[in-house]
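Single-letter residue listing:
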Amino acid sequence: MNLETILNSIIPGDALKVQRELPEGIFDCAVTSPPYWALRKYDTEGLVWEDGWRGELGSEPDPLLYIDHLVQIFMETWRVLKPGGSLWVNISDTYSGSGGDHLPGAGRYKHIQYQGKQIDKPYFKTPAMTLKSIRAKSQCCIPERLKIAMVDNGWICRDTIIWYKPNGIPESCTDRFTRNFEYFYHFVKSNRTIYWTNSKTKVITDKKPPGTKGIEGEDWDYKDCEYCSKTGKDGNGNICYRCKGKGKYLINHWTGHDYYFEQQLEKYTSELDRWGGPEFKPVGGKGWNEGTGQELDRIRDVRPNPYGRNKRSVWKIKLQPSNLPHFAAYPEALIETPIMSCCPEFVCTECGLPAYPLMGDPVSIKDGGGCKNLADELGTSPTSALRTKQWNSHKHTGYAKCACDAEFKPGLVLDMFMGTGRTGIVARKLNRNYVGIELNQKYVKMATNELRICEDILREERKQLTIF
Ligand SMILES: C[S@@+](CC[C@H](N)C(=O)[O-])C[C@H]1O[C@@H](n2cnc3c(N)ncnc32)[C@H](O)[C@@H]1O
Ligand SMILES: [Zn+2]
Ligand SMILES: [Zn+2]
């Protein structure tokens, strides 16, 4: 399958089979939500799986068979992802059937066919394991089982996001609590450095750079020690912890990356309670950080960042209504962060490396030195900024680019369970490209239409942007 012909479109068909026809290593990121187990039917043709079972994904008689099928599909995703790629999977649990204990092959799956015949008991070849039984009323632990199976198959699970739904759907139960969250897993392929960025020369490369053995002013530099004001001694006359008495220290301009990830910041939700409580008043001591009881933090060179803190792993996101006849669309807001953090906006057309956003080197600020306004502006605690000597500026200072001198194109997102097409919509809004796969022809049509409307709106908006 040729990438040009499928770019920003939805391929009708089965996630497993279609991915097999795609070229290797073309996607920067995959974001998806599969059909949940034993919850609803998507009116797709029953597929014939390699293990001999025939039926719709999600209607397997045994949850482990379902997990097996999902892992098969995601191992194809592994192949089509770039080495630095990410896979995000949104999934939720199912309660074991109210009709009795859920045994493999229990009554509600009688429609299942095997080898063209309708059979009473669904047949499936024994997958790696089968469950003896999950007792009625129990959670089936589907998300947990998937996560473990994925990790057992070589995926690196970097995050388990709790998607907290403040407007979750009410449930009629009275003997347990109403669920108002789902899981969103972030998996990556690589835990070894696959590219390096240089914050000074703004270069990205996939060949190991010389680092501090390289050229001064390019690969590394000396930096005056701000801890001892270049004296080499701390306040008590002891050798400075940071520069080991030299008054300066080496900084390596190269940073290694195991996979593509752009850190996302969020605003502080409340004033920081470290470094002397919300008022940041030194207790007893004179120094800006004395009397805080934070012996170790005192010598750390990273202070609260007035631009915000690293995004946390519980995300509060409302369900987004849809007027389309599809009941399982995730909100656009849910997938913005995965796409922003894991799919580069610019990718080299020649070598495929991303233009890597660079964050500023840590900046030094004298006590009170003009950071109050900045903190006010950014909605963080001004006291924290006033008492902050240093922070990682986390300010885009540009992009690290490869040496190809070629054109850039947008990064590419895959969703192999496209549904209403929201992954594509968010990708396009964020200037990325997408490829979708969807088995149900009705949804392919519906989502294609939605995406066409979205493209028209975006084109109009961008036209206006260029006018003003
Ligand atoms: C949970 S929904 C995805 C919803 C989507 N994230 C959205 O926001 O609209 C799962 C989708 O997978 C589709 N599907 C089911 N089996 C499939 C298969 N084997 N290959 C591709 N798509 C499949 C269903 O038709 C359904 O639209
Ligand atoms: Zn020093
Ligand atoms: Zn390049």
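Residues numbered from 1 in each chain as written. Chains lettered and ligands numbered in written order. Predicted model: local features only at pLDDT ≥ 70, side-chain atom pairs only at ≥ 80, totals over all residues.

## Observations concerning the nonpolar core
Then step 1. Of all hydrophobic cores here, the largest spans 61 residues; its most connected members are Phe27, Cys29, Ala30, Ile339 and Val413.
Then step 2. It is helix 3 (residues 63-80) that contributes the most residues to this core, seven residues altogether.
Then step 3. Beyond its immediate chain neighbours, meaning those up to four positions away, Phe27 contacts Val80, Leu81, Lys82, Gly85, Leu412, Val413 and Leu414.
Then step 4. Counting residues in each nonpolar core, the second largest holds eleven residues, with Trp196, Ile204, Cys348 and Cys402 among its members. (Core = buried A, V, L, I, M, F, W, Y, C linked by C-beta atoms within 7 Å. Buried ≥ 20, exposed ≤ 12 C-beta atoms within 10 Å, placed from the backbone. Helix = DSSP H or I, 4+ residues; strand = E, 2+ residues; numbered from the N terminus. Contact = placed C-beta atoms within 7 Å.)

## Focus on the environment of Arg428
Then step 1. As for its placement among the helices and strands, Arg428 is situated in helix 9 (residues 422-429).
Then step 2. In this structure, the C-alpha to C-alpha distance between Arg428 and Pro410, residues 18 residues apart in sequence, is 9.5 Å.
Then step 3. Contacts of Arg428, omitting those with residues within four sequence positions, involve Tyr434, Cys454, Glu455 and Leu458.

## Side note on the confidence of the model for the protein chain
Caution applies to low-pLDDT regions: their predicted coordinates should not be interpreted in detail.
Then step 1. Overall, the prediction assigns the protein chain a mean pLDDT of 81, with 74% of residues at 70 or greater.
Then step 2. For the stretch residues 271-303, pLDDT sits under 50, and the model shows 46 contacts to residues farther than four places along the chain or on other chains.
Then step 3. Within the model, pLDDT remains below 50 along residues 362-393, and this stretch shows 71 contacts once partners closer than five positions in the same chain are excluded. (pLDDT = per-residue confidence, 0-100.)

## Focus: the packing of helix 3 against helix 4 (residues 142-152)
Then step 1. With their axes 10 Å apart at the nearest point, helix 3 and helix 4 run at an angle of 45 degrees to one another. When the interaxial angle is binned, helix 3 and helix 4 end up oblique. Once helix 3 is placed against helix 4, the crossing between them reads as right-handed. Mapping the contact onto sequence places Pro63, Ile67, Leu70, Val71 and Phe74 in helix 3 and Ile142, Arg145, Leu146, Ala149 and Met150 in helix 4. (Axes fitted to C-alpha atoms, helices over the stretch in contact; angles between N-to-C directions. Parallel < 35°, antiparallel > 145°, perpendicular 65-115°, else oblique. Left-handed = near helix turned anticlockwise from the far one by under 90°.)

## Some thoughts on the packing of helix 6 (residues 332-342) against helix 9
Then step 1. Contact geometry of helix 6 with helix 9 gives a least axis separation of 9 Å together with a crossing angle of 55 degrees. Accordingly, the angle class assigned to the pair helix 6 and helix 9 is oblique. For the pair helix 6 and helix 9, the crossing hand works out as right-handed. Within the contact between the two elements, helix 6 uses Glu332, Ile335, Glu336 and Ile339 and helix 9 uses Arg422, Thr423, Ile425, Val426 and Ala427.
Then step 2. Among the residues forming the contact of helix 6 with helix 9, the class breakdown is five nonpolar, one polar and three charged. (Nonpolar A, V, L, I, M, F, W, Y, C, P; charged D, E, K, R; others polar.)

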